[in-house]
Amino acid sequence: MTAIQKALVVGAGIGGLTAAVALRRQGIAVDLVEIKPVLTVYGVGIIQPNNTLRALDQIGLARACVEAGQAFPGWRIHDAAGNVLMNAPSTSEAAPAYPPNNGITRPKLHAILTDAATAAGAALRFGVTIDQFEEGASGVDVRFTNGESGRYDLIVACDGLNSDVRRRLFGDAYEPQFTGQGVWRYNLPRPADLEWAALFVAPDSKAGLVPLSPTLMYMLLVTTEPGNPSMKGLQMADEMRRRLGSYTGLIGQLKPLIVESDAVVYRPMESTLLPSPWMKGRVVVIGDAAHTTTPHLAQGAAMAIEDAVLIGELMGRDAPLPALLDEFMTRRFARSKFVVDSSRQIGVWEMEEWAGIHNPAANPGGLLHTATLALMAAY
Ligand SMILES: Cc1cc2nc3c(=O)[nH]c(=O)nc-3n(C[C@H](O)[C@H](O)[C@H](O)COP(=O)(O)OP(=O)(O)OC[C@H]3O[C@@H](n4cnc5c(N)ncnc54)[C@H](O)[C@@H]3O)c2cc1C
């Protein structure tokens, strides 16, 4: 018998949909509620390093992601003029049957996850969330915002970085904090010869190109944004182009193609880590809600997916729920903390360098390399 029979998943993002699939694979009944009436995701891409593909393979979805995306072997590092400085190959150590990295658009990833959750028999409801929940001896009683109610053995909260469930359980001490940097993204046609992802290092920022399909890529730009300025009402295409001022070469050539302000995806970088344990009783918080990371290691979604797959695996066991949740924390906390801390450290070093501060201890490239390798280890 499985540890639980019925679960409620909160949030139809990357973690929530993955959790729904992972729990259904164990035969556990799953209701999933998503606050948005219609699931919309911004159009830019997501990088799936090899450990993400390992986790997705455990629930049978890695192959679909690779087929819908664009594999790439690693990162080619350039200066701001586009001269190649070095190649930084990535590894397939976690899942040798899969490429070191896969770039995929968010709409395609969400379609794969939503279709899989629905096909697996999860009941997805949109425009609905938790109104109240109360834990009793044999389950959590939930009243939903649409007036319906239900009793569950476990609530898995994957409601993202501004998690309402985290706030209800742990208060507002763990809200994500702005780290000082922002990231800009824009989709562009992919040049046929862009086989590797490309990074371009300027004195005040870094830019990159990530393949997403045979014909599509996205440009990323990481900048320091003192004071976390509001971008409301600004022409975002102009803002992004202006911040690309120090780039010539390929990035300089692509710059004039950034014209549609609505297609620019800008996000201030934020970070938080909920201390262990991420649960109270039968309610567990996972994904960005428990650990929001800056994107320096491209591991945010990876960590949400690993959390969700492990929750499914553990809940399929015939063992007491508290012991399984303890095991979940043992296997997830240090790893997630490592991602949050390492990503944040890379950002701090970048900001120092871009401000002209020489820190002899700084080694962002080295940390990126060793951290990515470390994350290939089993957990
Ligand atoms: C622009 C950008 C680029 C990124 N690129 C990468 C990358 O390349 N690689 C990578 O690994 N990670 C990347 N990340 C991080 C990654 O997107 C997140 O780590 C990941 O989406 C976390 O999944 P999640 O399910 O925890 O949260 P989300 O995917 O944010 O999903 C949360 C869901 O919960 C819903 N929700 C919120 N509140 C409620 C509520 N009260 N009730 C019900 N539903 C609710 C939301 O509407 C949403 O659908 C990127 C993030 C951003 C912003």
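Overview of the structure.

### Notes on the site of the ligand
Then comes step 1: As a matter of local geometry, the ligand sits amid 30 residues, with Gly 15, Glu 34, Arg 106, Thr 129 and Asp 288 nearest to it.
Then comes step 2: Residue Ile 35 places a main-chain N or O atom 3.2 Å away from a nitrogen atom belonging to the ligand.
Then comes step 3: Isolated, the ligand exposes 1,000 Å² of accessible area, and the fraction of that covered by the protein chains is 86%.
Then comes step 4: Among the secondary structure elements, those contributing two or more residues to the shell around the ligand are helix 1 (14-24), strand 2 (29-34), strand 3 (45-49) and helix 8 (300-315).
Then comes step 5: In terms of residues, the shell around the ligand owes the most to one element, helix 8, which gives four residues.
Then comes step 6: Within the shell around the ligand, the residues separate by chemical class into 13 nonpolar, nine polar and eight charged.

### A word on the packing of aromatic side chains
Then comes step 1: Applying the stated criterion across every chain, the model contains five aromatic pairs.
Then comes step 2: An angle of 45° between the planes, with centres 4.4 Å apart, marks the rings of Trp 184 and Tyr 266 as tilted. Separated by 82 residues along the polypeptide, Trp 184 in strand 13 (residues 177-189) and Tyr 266 in strand 17 (residues 265-273) bring together distant segments of the chain.
Then comes step 3: Ring centres 6.1 Å apart and planes at 70° place the aromatic pair Trp 278 and Phe 328 in the edge-to-face group. One end of the pair, Trp 278, is in the loop between strand 17 and strand 18 (279-280); the other, Phe 328, is in helix 9 (residues 321-354), and 50 residues separate them in sequence. Phe 328 shares its class with Trp 278; the two are buried.
Then comes step 4: Three or more aromatic residues joined by ring pairs make a cluster, and in this case those are Trp 278, Phe 328 and Phe 333.
Then comes step 5: Its guanidinium or amino end placed over the ring of Phe 144, Arg 125 lies 4.8 Å from that ring's centre, counting from NZ or CZ.
Then comes step 6: The ring of Tyr 379 carries Arg 332 above its face, with NZ or CZ at 4.8 Å from the centroid.

### Observations regarding the environment of Leu 373
Then comes step 1: With respect to the helices and strands, the residue Leu 373 is situated in helix 10 (residues 364-374).
Then comes step 2: Linking Leu 373 and Phe 170, residues 203 residues apart in sequence, is a C-alpha distance of 33 Å.

### Re the sheet that holds strand 1 (residues 6-10)
Then comes step 1: What the six strands build is an open sheet, ordered 8-2-1-12-19-18; its pairing is mixed. Whereas interior strands pair on both sides, the edge strands pair on one side only; in this sheet they are strand 8 (123-126) and strand 18.
Then comes step 2: Where strand 2 and strand 8 come together, four bridges link them in parallel fashion. Within strand 8, the residue paired with Glu 34 across the bridge is Phe 126.

### What to know about helix 2 (residues 50-58)
Then comes step 1: The buried fraction of helix 2 amounts to seven of the nine residues, a majority that puts the element mostly inside the structure.
Then comes step 2: Looking at helix 2, one finds that the buried residues are Asn 50, Asn 51, Thr 52, Leu 53, Arg 54, Ala 55 and Leu 56.
Then comes step 3: Of the surrounding elements, those touching the buried residues of helix 2 are strand 3, helix 3 (62-68), strand 7 (101-105), helix 4 (106-119), helix 8 and helix 9.
Then comes step 4: Of the residues trailing helix 2, Gly 60 is marked for its positive phi of about 75°.

### With respect to the pattern of salt bridges
Any two side chains of opposite charge can pair, so long as their charged atoms come close to each other.
Then comes step 1: For the structure shown, the criterion picks out 21 salt bridges.
Then comes step 2: Across the pair Arg 243 and Glu 225 runs a salt bridge, and its minimum N-O distance is 2.8 Å. With a gap of 18 residues between them, Arg 243 in helix 6 (residues 236-243) and Glu 225 in the loop between strand 16 (216-224) and helix 6 connect regions that are remote in the sequence. Considered together, Arg 243 and Glu 225 belong to a single accessibility category, that of buried residues.
Then comes step 3: Connected through shared salt-bridge partners, Glu 225, Glu 239, Arg 242 and Arg 243 make up one network.

### Overview of the state of the cysteines
Then comes step 1: Inspection of the entire model under this criterion finds zero disulfides.
Then comes step 2: Its sulfur unpaired, Cys 65 is 17 Å from the next cysteine sulfur, which belongs to Cys 158.
Then comes step 3: Judged by its relative accessible area of 10%, Cys 158 is buried.

### Structural notes on unusual backbone geometry
Then comes step 1: Across the junction of Ser 276 and Pro 277, the peptide omega takes the value 0°, indicating a cis bond.
Then comes step 2: Relative to the elements of secondary structure, Pro 277 occurs in the loop between strand 17 and strand 18.
Then comes step 3: Of note, Asn 228 is a non-glycine position whose phi angle comes to about 50°, a positive value.
Then comes step 4: As for its position among the elements, Asn 228 is in the loop between strand 16 and helix 6.
Then comes step 5: We note that Ala 298 has phi near 55°; this positive angle belongs to a residue other than glycine.
Then comes step 6: Relative to the elements of secondary structure, Ala 298 occurs in the loop between strand 20 (291-292) and helix 8.

The rules behind these values
- Residues numbered from 1 in each chain as written.
- Predicted model: local features only at pLDDT ≥ 70, side-chain atom pairs only at ≥ 80, totals over all residues.
- Heavy atoms only, no water.
- Near = heavy atom within 4 Å.
- Polar contact = N/O pair within 3.5 Å; in protein donor to acceptor, adjacent residues only side chain to side chain.
- Areas by Shrake-Rupley, 256 points an atom, 1.4 Å probe, with all protein chains shown as cover.
- Helix = DSSP H or I, 4+ residues; strand = E, 2+ residues; numbered from the N terminus.
- Nonpolar A, V, L, I, M, F, W, Y, C, P; charged D, E, K, R; others polar.
- Phe/Tyr/Trp six-rings, centres within 6.5 Å; stacked < 30°, edge-to-face > 60°.
- Buried < 20%, exposed > 50% of the residue type's maximum accessible area, 1.4 Å probe, protein only.
- Lys NZ or Arg CZ within 6 Å of the ring centre and 35° of its normal.
- Pairing = 2+ DSSP bridges.
- Contact = heavy atoms within 4.5 Å.
- Salt bridge = Lys/Arg side-chain N within 4 Å of Asp/Glu carboxyl O.
- Disulfide = S-S within 2.5 Å.

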